[in-house]
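Chain by chain, the residues run as shown.
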Amino acid sequence: MSDAVLRLSGVEKVYKKGMPGEVHVLRGADLTVRRGEVVALVAPSGAGKSTLLHIAGLLDSADAGVVEIGGEEMQNRSDRRRTAVRRDNLGFVYQFHHLLPEFTALENITLPQLANGTPRDAAEARAKDLLASVGIADRASHRPAAMSGGEQQRVAFCRAMANAPQLLLADEPTGNLDPATSDRVFGALMRLVRDTGLSAVIATHNLELAERMDRCLRLEDGHLTTA
Ligand code: ADP
């Protein structure tokens, strides 16, 4: 069995196909992420990193190429199967946390587990462990508005990990934070990823953060190359 958690091969993506203003974003993008590997995706704004992460995360479809999650080819699967694979295998973190404002930190991490059938006691225990592992156990009963930007983003990491995914996809996860906070919050994310043996693809503009990952890839002209 392959130990590739994610494999993209020859992925093409064109927006507004055949229309004026057609944008050919991905032109044969290839990427293999192995179990436990953390890959940095470095690209200027507009290069297509969100597009690539959405395709890898089964939130959008490629126009051509292969997308495999855990060895399963996903391109021609039903929406239902794609949703199940996404729910069971993938975690997402965005630049803005997208936490539910009317729920506490603990509830934001518990809810996705309840939706996945985890009993409430177990879900709450896991949410508390996750919050402790990123150093904010004492913020469990706070709503997002009562937390700093760095704390909100830590909660978003915990939520992404709530259902124990195999692969984390993160789009500029610390891009909205000041440099010192970004550094600390990124450290918390990396510890969480390493402790759980998770694989991750993390898009960032920050070359110092990129160097702390296992491998750094650049997205340029629709291709991925080793940076
Ligand atoms: P990045 O995340 O690297 O900033 P994106 O993947 O968001 O880049 O976008 C890549 C290119 O595709 C940009 O030129 C963007 O304007 C274009 N694009 C993204 N989404 C759409 C869409 N839904 N329709 C048309 N063009 C799009």
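The coordinates are above.
This one's a predicted model, so the numbers in the text were calculated from it and none came from an experiment.

## Structural notes on the site of the ligand
Near the ligand the following residues occur: Y15, V25, P44, S45, G46, A47, G48, K49, S50 and T51. For the ligand, an oxygen atom lies 2.9 Å from a polar atom in the backbone of K49. Between the ligand and the protein, one listed contact pairs an oxygen atom with a side-chain N or O atom of T51 at 2.6 Å. Computed on the free molecule, the ligand has an accessible area of 570 Å², of which 61% lies beneath the protein chains in the complex. If one sorts the elements of the shell around the ligand by residue count, helix α1 (residues 49-56) sits on top with three residues. Broken down by class, the residue content of the shell around the ligand amounts to four nonpolar, five polar and one charged.

## Details of the pattern of salt bridges
Per the counting criterion, the structure on display carries 13 salt bridges. With a shortest N-O distance of 2.9 Å, R77 and E72 are connected by a salt bridge. Its relative accessible area of 38% is what places R77 among the partly exposed residues. On the basis of relative accessibility, which here comes to 18%, the residue E72 falls in the buried class.

## Here's the deal with the environment of Q75
The topology assignment puts Q75 in the loop between β5 (72-73) and α2 (79-89). Along the primary structure Q75 and G187 are separated by 112 residues, whereas in three dimensions their C-alpha atoms are 34 Å apart. In contact with Q75, other than residues within four places in its own chain, are S61, A62, G65, V67 and R82. In this structure the side chain of Q75 is engaged in a polar contact, spanning 3.2 Å, whose partner is the backbone oxygen of A62.

What counts, and where the lines are drawn
- Residues numbered from 1 in each chain as written.
- Predicted model: local features only at pLDDT ≥ 70, side-chain atom pairs only at ≥ 80, totals over all residues.
- Heavy atoms only, no water.
- Near = heavy atom within 4 Å.
- Polar contact = N/O pair within 3.5 Å; in protein donor to acceptor, adjacent residues only side chain to side chain.
- Areas by Shrake-Rupley, 256 points an atom, 1.4 Å probe, with all protein chains shown as cover.
- Helix = DSSP H or I, 4+ residues; strand = E, 2+ residues; numbered from the N terminus.
- Nonpolar A, V, L, I, M, F, W, Y, C, P; charged D, E, K, R; others polar.
- Salt bridge = Lys/Arg side-chain N within 4 Å of Asp/Glu carboxyl O.
- Buried < 20%, exposed > 50% of the residue type's maximum accessible area, 1.4 Å probe, protein only.
- Contact = heavy atoms within 4.5 Å.

This is a description of form; function is not addressed.
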